[in-house]
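Read off the chains here:
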Amino acid sequence: MSAPAVVIRNARHWRGGAPLELAIEDGAIVERAPRGAVVVDAGGAVLAPGLVDPHVHLREPGHAFKETIASGTRAAAAGGFTAVCCMPNTDPVTDSPAWIEWVLSRAREAGHCRVHPMGAVTMGQRGEQLTPALALARAGAVALSDDGRPIVSAAVMRHALEYARHARLLIVCHEEDPTLRGDGQMHEGFTATRLGIPAIPAAAESVMVRRDVDLAELTGGRVHLAHLSCRGSFDALRDARRRGLAVTGETCPHYWTLTDEAVGDYDTHAKMNPPLRGASDREAVIAAVREGLVDSFATDHAPHTLEEKRRPFDQAPFGIVGLETALALTITFLVKPGHLTLTRALELWTEGPRRVMGLPEVRLEPGFPADLVLLDPEREWTVEPEAFHSMGRNTPFAGWRLVGRPLATFCGGRLTHADDAFAGAASLGGSPLPGVPA
Ligand SMILES: [Zn+2]
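Going along each chain's sequence as written, the residues are numbered from 1 onward. For a predicted model such as this one, the threshold for reporting local features is a pLDDT of at least 70, and the threshold for listing and counting side-chain atom pairs is 80 or more; totals across whole chains, interfaces and linings nevertheless cover every residue. Calculation of side-chain values draws on the structure's entire complement of heavy atoms; hydrogens and water are dropped beforehand.

> I'm lost on the packing of helix α4 (residues 154-166) against helix α7 (residues 203-219) in this one. Help?
To characterise two packed helices, one gives the angle between the axes of the helices and the distance between these axes. Axis definition: a line fitted to C-alpha atoms, limited for helices to the stretch in contact. Angles are taken between N-to-C directions and run from 0 to 180 degrees. Numbering of helices and strands runs from the N terminus; a helix is a DSSP stretch of H or I covering at least four residues, while a strand is a stretch of E covering at least two. Two elements in contact, α4 and α7, have axes separated by 10 Å at closest approach and are oriented at 45 degrees. The angle between α4 and α7 falls in the class oblique. Crossing of α4 over α7 shows right-handed handedness. When α4 is examined against α7, the residues A154, M157, R158, L161, E162 and R165 are found in contact with a partner set consisting of R211, D212, L215, A216, L218 and T219. Partitioning the contact of α4 with α7 into residue classes produces six nonpolar, one polar and five charged. Reported orientations rely on four angle classes, namely roughly parallel under 35 degrees, roughly antiparallel over 145, roughly perpendicular from 65 to 115, and oblique for the rest. Each crossing is labelled by how the near helix is turned from the far one, with a counterclockwise turn of less than a right angle marking it left-handed and a clockwise turn marking it right-handed. We call two residues contacting when some pair of their heavy atoms lies within 4.5 Å. For this scheme, ten residues count as nonpolar: Ala, Val, Leu, Ile, Met, Phe, Trp, Tyr, Cys and Pro. Four count as charged, namely Asp, Glu, Lys and Arg, and the remainder, Gly too, count as polar.

Below is the structure:
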């Protein structure tokens, strides 16, 4: 189904804010609008390439009671995203070309944004036998990851990096030493002591980061460090950068927004892995972002049911949803306080993840795909989990007043989301339909 040609008028360019008019036809940005194109008044909103989330859990196959590819990508579109990379810790684990193809075909029929699946590093994510990296790449996997758990054996990681290199795939690493983590449920600090909760030291993450930096050097393989949360990890990433190694890193909005104090009195919505850290780690996250050490932002969108999150703290699953609050948490806590310009912040949600994952570039120029977001960086709104498009309501930000909101999202030239508050939506007509553009 082809979308109507569209002209977006009265927008501002995300680089520099210059007035911008842009035409879309047949899924791409074009020089001139064809006759009869729908005209949308952006009302001075900022126009940017669609956001990309390199780390989401869409939960299918197997856990459709938490999230589906349809609902997760609908949430992505509402958050201003036009592409997501989804993790293979599904049931069954996405460790074969057939399951990669299954995810891609589900996304094509039910998805609201582009979906780039990752394949597992090891069969069943058991950390032993390697998956067929080359076949996974040919089926469409953009990267390999055993996310959700670490690759405990350094020898397995070494061989995985060697094979992944031949398949030209990077390995996305969930860094956690299981012996240091033990049965820990939150960050090791005053709050854990006060609540009597078994704790996880920050070193459980950073020692594995250091190991994998060294293995990147040994193998020449590409390591991407997922959801970095603590000072030691950034020190190791800085060291890797100095040594010229192919190591990149991401961090998530909750790590620059919250500390372990958010657990309060056993609030399972503040339970995630890696855990929320102490104040000095939060400062290190912000410093690493300012310094340019962080290559990409990511949400680690991890939907769970409220029934699961209502369990006692030590039995509740780790993880929070993130797709529909990511942009606002970035603007409210990094741009408004002056840590980053809006342009730089958007780079870390667009060009950054595209470069890390090897996805094609999107520029606001003729010939590039019309994967776009119109956003209002000044709009204030209140987080209401009941209004999420995600099936997950597990967020620690319920009731928070945030600044910055996506108004409309286009993927492959098709309107995939229009905010109720966006006056220009009326001219576009109709509600967004699923079906990822080719
Ligand atoms: Zn993880």
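Further notes follow.
> Sorry if this is basic, but what is going on with helix α2 (residues 97-110) here?
For an α-helix the count is 3.6 residues per turn, leaving residues at separations of three or four pointing the same way. By this rule, a helix spans an expected 1.5 Å times one less than how many residues it contains. The first and last C-alpha atoms of α2 sit 20 Å apart over 14 residues, in line with the 20 Å expected at 1.5 Å per residue. When α2 is considered as a whole, its buried residues turn out to be I100, V103, L104, A107 and A110. Angularly, the buried residues of α2 cover 155 degrees about the axis, an arc narrow enough to put them on a single face. Turned more than 90 degrees off the buried face of α2, the exposed positions are A98, R108 and E109. In the core, the buried residues of α2 are packed alongside α1 (69-78), β7 (81-86), β8 (114-119) and α3 (133-139). Relative accessible area decides the class of each residue, using a 1.4 Å probe on protein chains only: under 20% of the type maximum gives buried, over 50% gives exposed, and in between gives partly exposed. Note that the arc is computed from the directions linking the helix axis to the C-beta atoms.

> For this particular structure, what's the right way to read α4?
Along its 13 residues, α4 runs 19 Å from first to last C-alpha, staying within 8% of the 18 Å computed at 1.5 Å per residue. Within the sequence span of α4, burial applies to V156, M157, A160, L161 and A164. The arc enclosing the buried residues of α4, seen along the axis, measures out at 135 degrees, which places them on a common side. Structural note: α4 exposes Y163 and H166 on the side pointing more than 90 degrees away from its buried face. Downstream of α4 by a residue or two, R168 has a phi angle that is positive, lying close to 55 degrees.

> Looking at this structure, how should I read the coordination of the zinc ion?
Six octahedral donors around a metal ideally make angles of 90 or 180 degrees; four tetrahedral donors ideally make 109.5 degrees. Metal coordination here is assigned from N, O and S atoms located within 2.8 Å of the ion, or within 3.2 Å for Na, K and Ca; omission of water means that sites may look incomplete. Those protein atoms acting as donors to the zinc ion are D147 (OD), H174 (ND1) and H227 (NE2), and they sit at 2.0 to 2.3 Å. In the primary sequence, the donor residues of the zinc ion line up as D-x26-H-x52-H. Of this pair, D147 sits in the loop between β9 (143-145) and α4 while H174 is found in the loop between β10 (170-173) and α5 (178-181), placing the two residues 27 residues apart along the sequence. The class of D147 is buried, set by a relative accessible area of 2%. For H174, a relative accessible area of 5% corresponds to the buried category.

> Honestly, the pattern of salt bridges in this entry has me stumped. Any pointers?
A side chain of one charge can pair with a side chain of the opposite charge when the charged atoms of the two come close. What counts as a salt bridge is simple: a side-chain nitrogen of Lys or Arg found within 4 Å of a carboxyl oxygen of Asp or Glu. Counted under the stated rule, the structure contains 27 salt bridges. Among the salt bridges present, the one from R106 reaches E109, with a minimum N-O distance of 3.0 Å. With R106 and E109 both in helix α2, this residue pair falls three residues apart, about one helical turn. With a shortest N-O distance of 2.8 Å, D214 and R243 are connected by a salt bridge. Placement of the pair is D214 in helix α7 and R243 in the loop between α8 (231-242) and β14 (247-251), with a sequence separation of 29 residues.

> Just to check I follow, could you spell out the environment of G184 for this structure?
Mapped onto the fold, G184 is located in the loop between α5 and β11 (186-187). The sequence separation of G184 and I197 amounts to 13 residues, and the corresponding C-alpha distance is 7.5 Å. In this structure, G184 is in contact with P198, A199, I200 and F318, ignoring residues within four places of it in sequence.

> Sorry if this is basic, but what is going on with the sheet that holds strand β6 (residues 51-56) here?
To summarise the sheet geometry, strands pair through backbone hydrogen bonds and adopt either a parallel or an antiparallel arrangement. The sheet built from eight strands is open, its strands ordered β6-β7-β8-β9-β10-β13-β14-β15 with parallel pairing. Taken across any chain shown, the strands that pair with only one partner, and hence form the sheet edges, are β6 and β15 (296-297). Pairs of strands are assigned from DSSP output, requiring at least two bridges between the strands. Here β10 runs beside strand β13 (residues 223-225); their pairing, made up of three bridges, is parallel. Within the sheet, the bridge partner assigned to V172 lies in β13 and is H224. On top of the sheet, α2 reaches β7 and β8; it is set at about 165 degrees to β8, its chief contact.

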